[in-house]
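Coordinate inspection notes
Residue-level listing of the chains:
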Amino acid sequence: MKQSIKPLIIFYLSIFVLFSFLILVYIGVKLECEKLVRENVETQKDLTDIKNLKINLTAEDQALSSEERIVGIAQNELGMVKRTEQPLELSVSKSEIEKISTEIQKKYE
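Position numbers for residues start from 1 in each chain and track the written sequence from start to end. With the structure being a predicted model, the display of local features is reserved for residues of pLDDT at least 70 and the display and counting of side-chain atom pairs for 80 or more, all residues being used for whole-chain, interface and lining totals. Only hydrogens and water are set aside when side-chain values are computed; all heavy atoms of the structure are taken into account.

**A few points about the overall build of the protein**
- Counting from the N terminus, the helices are the DSSP runs of H or I reaching at least four residues and the strands are the DSSP runs of E reaching at least two. For the protein, the count of helices and strands is three helices and zero strands.
- For the protein, the α and β elements follow one another from N to C terminus as α-α-α.
- Scaling as 2.2 N^0.38, a compact globule of 109 residues should have a C-alpha radius of gyration of about 13 Å, whereas the protein reaches 41 Å, well beyond that.
- With the principal axes as the frame, the protein shows a C-alpha extent of 125 × 55 × 20 Å.
- Within the protein, buried positions represent 2% of all 109 residues.
- By element, 63% of the accessible surface of the protein is carried by carbon and sulfur atoms, the whole surface being about 11,200 Å².
- If you average the places of the 15 positive and of the 17 negative side-chain charges in the protein, the two averages end up 13 Å apart. Each radius of gyration is computed over the set of C-alpha atoms, and the globule rule expresses the reference value as 2.2 Å times the number of residues to the power 0.38. Exposure classes here rest on a 1.4 Å probe applied to the protein chains alone. A residue is buried below 20% of its type maximum, exposed above 50%, and partly exposed in between. Areas reported here follow the Shrake-Rupley algorithm with a probe of radius 1.4 Å; residue values treat only the protein chains shown as occluding. In this charge count, Lys and Arg are treated as positive and Asp and Glu as negative; neither His nor the chain ends contribute. For this purpose, a charge sits on NZ of Lys, CZ of Arg, CG of Asp or CD of Glu.

Structure representation (structure tokens):
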């Protein structure tokens, strides 16, 4: 008896289609992984740039708010002078503060 070759052709054809599908899935996954790795590298670069910018801005802020710069601008451009006398110092006892506080509370009750 002679067997038909059609089932054998269908079997080999289905195996070929299955392997083709698996190869295409593998290529698709690999391309997606490469794309994600590329995006990760670009994002890391952007993050590094932003950190460097933040450091530069902090350094610029410190330079602009330094006491030497502010004093120089105040004296040279605004004509201000440094105080030569000691600042006025007031001293009040804690009991006097409490006394005044209780009087104010009584007044507003």
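Now that the structure has been shown, we can carry on.
**Brief notes about a nonpolar patch on the surface**
- Without a salt bridge and with relative accessible area above 30%, a residue can belong to a patch; like charges are then joined within 9 Å and nonpolar side chains (Val, Leu, Ile, Met, Phe, Trp, Tyr) within 5 Å. Basic side-chain nitrogens of Lys or Arg form a salt bridge, by our definition, when they fall within 4 Å of a carboxyl oxygen of Asp or Glu. A surface patch of nonpolar side chains, amounting to about 580 Å² of accessible area, comprises Leu 18, Phe 19, Phe 21, Leu 22, Val 25 and Val 29.
- You can see Leu 18 is positioned in helix H1 (residues 6-64).

**Observations concerning the pattern of salt bridges**
- Within the structure shown, the criterion is met by one salt bridge.
- In this structure, the salt-bridge partner of Asp 49 is Lys 45, at a minimum N-O distance of 3.5 Å. A residue pair is termed a helical-turn pair when its members lie 3 or 4 positions apart in one helix, as Asp 49 and Lys 45 do in helix H1 at four residues.
- The class for Lys 45 is exposed, based on a relative accessible area of 53%.

**So, the environment of Tyr 26**
- Along the chain, Tyr 26 falls in helix H1.
- Measuring from C-alpha to C-alpha, the distance between Tyr 26 and Ile 10 comes to 24 Å, with 16 residues separating the pair along the chain.

**Thoughts on the packing of aromatic side chains**
- Any two of the Phe, Tyr and Trp rings considered here, Trp counted by its six-membered ring, make a pair once their centres fall within 6.5 Å; the pair's planes then place it as stacked at under 30 degrees, edge-to-face at over 60, or tilted in between. Summed over the entire model, instances satisfying the criterion amount to one aromatic pair.
- The interplanar angle of 55° and the centroid separation of 5.7 Å between the aromatic rings of Phe 11 and Tyr 12 together place this pair among those described as tilted.
- Taking the relative accessible area as the measure of exposure, Tyr 12 reaches 51% and is therefore exposed.

**Comments concerning a negative patch on the surface**
- A contiguous patch of negative charge, built from Glu 32, Glu 39, Glu 42 and Asp 46, is present on the exposed surface.
- Relative to the helices and strands, Glu 42 resides in helix H1.

**Points about the environment of Lys 99**
- Within the secondary structure layout, Lys 99 lies in helix H3 (residues 94-107).
- Taking the C-alpha atoms as reference points, Lys 99 and Asp 46, separated by 53 residues in sequence, lie 61 Å from one another.

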